[in-house]
Amino acid sequence: MKNSVVVFTDLDGSLLDHQSYEYTAAKPALERLERAEIPVIPVTSKTLEEISLLQLPFPQPYRIAENGMVIEHEGAVQIQGRSYDTITGFINDLPQNIRNNITGFGDMSVDDVIRHTGLDRTQAQAAKARKATEPFLWSGDEQGIEGLRVLAAQQQLYITQGGRFYHLMGKGNKQTALKHVLDAGFSGSQPVTIALGDGPNDAEMLGFVDYGVIIPNPAGTSFNVKDPHGKIMTASHAGPEGWNAALHTILDELELSV
Ligand SMILES: [Mg+2]
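(A) The coordination of the magnesium ion, seen in detail. Surrounding the magnesium ion are the protein donor atoms Asp10 (OD), Asp12 (O) and Asp198 (OD), at 2.2 Å. Between consecutive donors of the magnesium ion, the numbers of intervening residues give the motif D-x1-D-x185-D. Of this pair, aspartate 12 sits in the loop between strand E1 (5-9) and helix H1 (27-35) while aspartate 198 sits in the loop between strand E10 (192-197) and helix H9 (203-208), and the two are 186 residues apart along the sequence.

Next up, the structure:
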């Protein structure tokens, strides 16, 4: 790609409203980006199938799914870290007393996923279509999860916590996926990079780009972003409204009068 600007965006709570999954308020900025032929690349904890279900109204030359561990470009899928089979194989090979405390998406029926997440049937099926991360419930104690962390690290597997679910995955995150896309997709001069996100798992990518936008999260999970370029801003509103306002501000600053 030869674009001079590229936008990377988290979905839930950033481009999409946390409750309704609506992005209507972001449409003016999305249309402006489209007129300027600036690509918008989703970077999300969702699976590729979940991204497809959203039917986002713009072309996505790349899609970054499962917290950066899955990168799709023109139908080709690349896995960072470890494959889903490797991850579930690790879980299944654990000593029984540890294994018994884990209920992963791979252990759950679609009905179980619906019950634990509140997703509808189609969404739950899409959420189960995993390639490189495994969300799981842990019924053991804190000490047990630390023990699991040690065993996982021996296999280059890592545990993060997001809400009710823990996530088991290989090495990498949203930022390493961005780096990969910029190296692979943009030959010659590097584009100006913009990223928007509302959660702790966005912090590294926001600190990595030229313009990082923190979208306020009403749920109040605060997080710190390193700001080496002095280019981190906090959007005026939560969700797509803040997304829209922040992008207009940045595009104005870049003097992209489209
Ligand atoms: Mg989010």
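(B) Fine view of the packing of aromatic side chains. For the structure shown, the criterion picks out two aromatic pairs. A centroid spacing of 5.4 Å and a plane angle of 80° characterise the contact between phenylalanine 105 and phenylalanine 165, whose relative ring orientation is edge-to-face. Taken together, the residues phenylalanine 105 in the loop between strand E6 (102-104) and helix H5 (110-117) and phenylalanine 165 in strand E9 (residues 165-169) connect sequence positions 60 residues apart. We note that phenylalanine 105, like phenylalanine 165, is buried. Relative to tyrosine 166, the ring of phenylalanine 136 has its centre 5.6 Å away and its plane inclined at 20°; by these criteria the two rings are stacked. With phenylalanine 136 in strand E7 (residues 133-138) and tyrosine 166 in strand E9, this residue pair connects regions lying 30 residues apart in the sequence. We classify tyrosine 166 as buried; its relative accessible area is 8%.

(C) Region of interest: the pattern of salt bridges. Counted under the stated rule, the structure contains 10 salt bridges. One salt bridge connects lysine 46 with aspartate 12, and the closest N-O pair in it is separated by 3.2 Å. One end of the pair, lysine 46, is in the loop between strand E2 (40-42) and helix H2 (48-54); the other, aspartate 12, is in the loop between E1 and H1, and 34 residues separate them in sequence. Residue aspartate 12 is classed as partly exposed on the basis of its relative accessible area of 25%. Linking arginine 121 and aspartate 111 is a salt bridge whose minimum nitrogen-to-oxygen distance equals 2.5 Å. Of this pair, arginine 121 sits in helix H6 (residues 121-128) while aspartate 111 sits in helix H5; the two residues are 10 residues apart in sequence, bridging distant segments of the chain. A relative accessible area of 43% means that aspartate 111 is categorised as partly exposed. A cluster of three or more residues bridged by salt bridges with shared partners is formed by Asp10, Lys174 and Asp202.

(D) Expanded view of the packing of H5 against H6. Two elements in contact, H5 and H6, have axes whose closest approach is 9 Å; the angle formed by their N-to-C orientations is 105°. One element, H5, and the other, H6, form an angle in the roughly perpendicular class. When H5 is examined against H6, the residues Val110, Asp111, Val113 and Ile114 are found in contact with a partner set consisting of Arg121, Ala124, Gln125 and Lys128. Residues belonging to the contact of H5 with H6 are distributed by class as follows: four nonpolar, one polar and three charged.

(E) Fine view of the nonpolar core. Membership of the largest hydrophobic core comes to 32 residues, with the highest contact counts inside it found for Val7, Leu15, Leu196 and Trp243. Looking at this core, the elements with two or more residues in it are E1, H1, H2, E10, strand E11 (211-214) and helix H10 (239-253). The element best represented in this core is H10, accounting for five residues. Excluding residues within four positions of it along the chain, tryptophan 243 makes contact with Val7, Thr9, Ser14, Leu15, Ala26, Ala29, Leu30, Leu33, Val40, Leu196 and Ile215.

Conventions we followed
- Residues numbered from 1 in each chain as written.
- Predicted model: local features only at pLDDT ≥ 70, side-chain atom pairs only at ≥ 80, totals over all residues.
- Heavy atoms only, no water.
- Donors = N, O, S within 2.8 Å, 3.2 Å for Na, K, Ca; no water.
- Helix = DSSP H or I, 4+ residues; strand = E, 2+ residues; numbered from the N terminus.
- Phe/Tyr/Trp six-rings, centres within 6.5 Å; stacked < 30°, edge-to-face > 60°.
- Buried < 20%, exposed > 50% of the residue type's maximum accessible area, 1.4 Å probe, protein only.
- Salt bridge = Lys/Arg side-chain N within 4 Å of Asp/Glu carboxyl O.
- Axes fitted to C-alpha atoms, helices over the stretch in contact; angles between N-to-C directions.
- Parallel < 35°, antiparallel > 145°, perpendicular 65-115°, else oblique.
- Contact = heavy atoms within 4.5 Å.
- Nonpolar A, V, L, I, M, F, W, Y, C, P; charged D, E, K, R; others polar.
- Core = buried A, V, L, I, M, F, W, Y, C linked by side-chain atoms within 4.5 Å.

Note that every value here comes from positions in space, so none of it alone points to a role or purpose.
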